[in-house]
Each structure stands twice: as structure tokens, then as C-alpha cells.
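The lines below spell out each chain.
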Amino acid sequence: DEYLLSAGKSPSGSIHVGILRELIISDVIKRRLLDLGKKARTMFVIDDYDPVRSFPPGTSLSLDEWVGIPYSDVPDEFGCCESYGAHYANELIETFPEFGIDPEIVWTSKLYRTDAMIEEVRTCLRKTETIREIMIEYVARDFSPEQRTQYIESMKNWYPASVVCPECGRLQAGAKGSIMPNRITNYDPETDAVSFKCHYCGLEDTRPLNQLRVKLTWRIDWPAKWHLFRVTCEPAGKDHSVKGGSYDTGLEVSRRVFGWEGPVKVPYEWVQIGGRDMTTSEGIVFTPRSWLRIAPASLYRFLMLKTDLQRTINIQPDRIPDLVDQYDRFERTCYGLEDADSDRQRLARLLYPLCEAQPVHEEYVPKLSFKFAVVVSQLEEIL
């Protein structure tokens, strides 16, 4: 009855422009569905309930003080937002109107306070044995016999959720490379009681599920949210989309735990900057706001949509004038003002409206050449 296109991101620092590939794919599918007379909407999930594992370079906050605490509970070092996670999420969200995207925003930290999400957690805890089988099947499929045996042994008492310690507020102890989650150690379906141990402060306790702050482990959290919202389709980067990866694990959890097929997987390649993969943790970031300082949003949408999803996109700021000229010719082709074969014209008529953030004009609006404008502005500076 209604299509829901979802995307998501953890706000571990400034979010790079690559996430917009996922959001634009979702937006384009939504637009085409609406054109076909269907009901469709988009959603953006902010995983601000993820625990701090590291801070990007330049952060003033102490990792020792905040490691293991959810981003939603870490203060905003700039003092303008309610949390560290909210600051970097809002930095991205504020650019959405200019890029022509308008997803509903879901904050995972708030979602886990709802009865509906707690019920999803309860379902997973009751079906832990099935989830263990799925994890062994997918995670250990390429392990050596010795590794597989060790992994199976480690899963015997494993539960698919962790607890935010009521004493120290942490989901885990340790930073990258030495993480120890505050995993649930037992669940009693009769009393709905959860036992847990905090690896940071040492607290061990048993309490009712609805009196604790809990979070499903990553590969289970994803399909639980798919099921809760009935997500129709979610694009995902190549790291999640590889055969047997987290997306396929999630689809298997969807089928065997929640009893439905799950969303349609749309894999895409990463977006690079200057030939390098962007990563927040290492500070290799080119933000959407940075793009808007040097080029129009429609140009970024064009770059995303003209490139096959299975190809890496490399942003080269020095090539933007050439890309603008290419887009201007593409726009003129859409309006029948450029010599082009019928296939090229048909493609331009389909893609050009999807590249623009706002509805396009019925007639072509002449523009000043970008390169000419650059030259004029430089002459003005000199004069």
C-alpha cells in the first residue's frame, strides 16, 4: 500500500558527502513511484545510540572519558545541540532541502525508548537460538575449521543485545580493537527479566527488560528496524552488501525471526575524494556543506545519477567547471536544444528532472556559462 525507502548513518563525527549517494538513490526511487501514482516516502535513521569507539582528529572530548557511551549521551563540544550525535547529524540534515531530499528523521536513541522497539528486542531475545544459528552460518562461513570451532563455542551463551549500564552509562568497555560489549548474559521469557554484566565498572544485575536501556547488536538491530517500519527498500554501500555480509544476514533474520522477506537490497559503490576513501574516524571528510560552497546541489545529484551504481565515484573539485559544462549540455539536450540521438534525448528527459532539487521549468531558462562567470569574477577582483 505504501513504499518506504530507508537510509541510515551513525553520527561519529562530520558525516561525509558519500552518504548522499544513498539518500539520493532513495529519493529518486520515491519520485518515480510517486510519478506512477503510488504512495511512497523516505526515511533517514540516525544511529546516535551507537557507542563511542573513537573520536575523529581534532575533537576536544576525551576518549577515555566517553568511550562506550552512546553518542546521544555525549555532550556537544560546541554547545549548540543536545548531544554530540545530534550536532553532527544536524550538520548533515540542514543541507537536505538544498539537495532536494526530505526524509522523515528517526533518532535511534529515541526509538529504543518506545514500546514498539522494545517488543522487537523481546522477539529477538525469545528467538536467540535461531539468531545464533544464523550468525554462525553467515559470520563463520569463511572461517578456518579452528576459527569456526572457536566461534561456535563463543556463541553458546551469546545474546543479540547489550545493556547501557545503569551505573556508568556505557554499552561497552574498550575502544577500537579491544571492545567488550555489555552483552546480556541471560533472558527469562517467563518473567521478562534480563541479566547482564558491565565490563567497564563491573556491575552485574538482573532487572526487568522494560527497566533497562538495551540495544540490539548491529546485524540484528538493522532487520529489527526494517520489520518495525516495514521498509520496502534500502540502498547500502559495498561493505554491507557483499555476499553473506551484514545485509544478507539481516535478510535471513527478517525471514526466520520476523517472518517476512525484508527490503529490496540496492548495492552501491563508495564515493571518494581525490582518489581516497572518505572516513570520519581518520578525518578524511568532504561534507555536503563543503560541496555547496563550491558547486550547486543539482550537480552532485547529476554526478550520482549519471554513474552506474556499481562504479566508484571520485570527486575532483578541480574538475567541477568541466562537470558544470557537461551538465549544461545535458540540460539543453532535455529541452531539445542540443544535437543528440533519440536515446540520449530520452535519457536526458528522464534524468534531468531527477537531478534538480526543485520542479523544472517547462521551458529552458538560459544561463551564463560557468567558466565565463569564473573569468568575469576574477577580472572583477583584479579591477
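Owing to the predicted nature of the structure, the values given are computational and were not obtained by experimental measurement.

Draft legend 1. Highlighting the layout of surface pockets. Space inside the second largest pocket adds up to approximately 330 Å³. The wall of the second largest pocket is formed by 15 residues, among which Leu303, Lys306, Asn314, Gln316 and Leu323 lie closest to the centre. Those elements that provide at least two residues to the lining of the second largest pocket are β15 (313-315) and α13 (320-334). It is α13 that contributes the most residues to the lining of the second largest pocket, four residues altogether. When its residues are assigned to classes, the lining of the second largest pocket shows six nonpolar, five polar and four charged.

Draft legend 2. Focus on the sheet that holds β15. Spatially, three strands are ordered β14-β13-β15 in an open sheet, and the strand pairing comes out mixed. The open sheet has two free edges, formed respectively by β14 (276-277) and β15, since each of these has just one partner strand. Strand direction decides the pairing type here: strand β13 (residues 271-273) and β15, joined by three bridges, are parallel. Residue valine 271 lies in a different strand from β15, and its bridge partner there is isoleucine 313.

Draft legend 3. Spotlight on the side chain of aspartate 48. Tracing the backbone through its elements, the reader meets aspartate 48 in the loop between β2 (40-46) and α2 (63-66). Polar contacts involving the side chain of aspartate 48 include one to the main-chain amide nitrogen of threonine 108, which spans 3.3 Å. Sequence-distant contacts of aspartate 48, defined by excluding residues within four places in its chain, comprise Pro11, Pro70, Tyr71, Ser72, Trp107, Thr108 and Ser109.

Draft legend 4. Layout of the nonpolar core. Judged by nonpolar contacts, the single largest core of 50 residues is most densely connected at Leu125, Val194 and Leu216. Setting aside its immediate chain neighbours within four residues, leucine 125 contacts Tyr159, Pro160, Ala161, Ile184, Tyr187, Val194 and Leu209. Judged by nonpolar contacts, the second largest core, of 46 residues, contains Leu23, Ala348, Leu354 and Cys355.

Draft legend 5. Inspection of empty space enclosed by the protein at higher detail. For the structure shown, the criterion picks out one cavity of 30 Å³ or more. Of the voids in this model, the largest cavity is the one considered here, and its volume is about 40 Å³. What lines the largest cavity is simply Leu23, Ser26, Asp27, Thr42, Met43, Ile101, Asp102 and Pro103. Elements with a minimum of two residues in the lining of the largest cavity: α1 (19-35) and β2. Among the elements that take part in the lining of the largest cavity, α1 stands out by supplying three residues, more than any other.

Draft legend 6. The pattern of salt bridges, seen in detail. Summed over all chains, the structure comprises 31 salt bridges. One salt bridge connects arginine 122 with aspartate 192, and the closest N-O pair in it is separated by 2.9 Å. Within this pair, whereas arginine 122 is found in helix α5 (residues 115-126), its partner aspartate 192 is found in the loop between β7 (184-188) and β8 (193-197), the two being separated by 70 residues in sequence. We classify arginine 122 as buried; its relative accessible area is 13%.

About the cut-offs
Residues numbered from 1 in each chain as written. Predicted model: local features only at pLDDT ≥ 70, side-chain atom pairs only at ≥ 80, totals over all residues. Heavy atoms only, no water. 1 Å grid on protein atoms, 1.4 Å probe; cavity = no way out; pocket = protein on both sides within 12 Å on 5 of 7 lines; lining within 4 Å. Points joined across faces, edges and corners; volume = space filled by probe spheres on them. Helix = DSSP H or I, 4+ residues; strand = E, 2+ residues; numbered from the N terminus. Nonpolar A, V, L, I, M, F, W, Y, C, P; charged D, E, K, R; others polar. Pairing = 2+ DSSP bridges. Polar contact = N/O pair within 3.5 Å; in protein donor to acceptor, adjacent residues only side chain to side chain. Contact = heavy atoms within 4.5 Å. Core = buried A, V, L, I, M, F, W, Y, C linked by side-chain atoms within 4.5 Å. Buried < 20%, exposed > 50% of the residue type's maximum accessible area, 1.4 Å probe, protein only. Salt bridge = Lys/Arg side-chain N within 4 Å of Asp/Glu carboxyl O.

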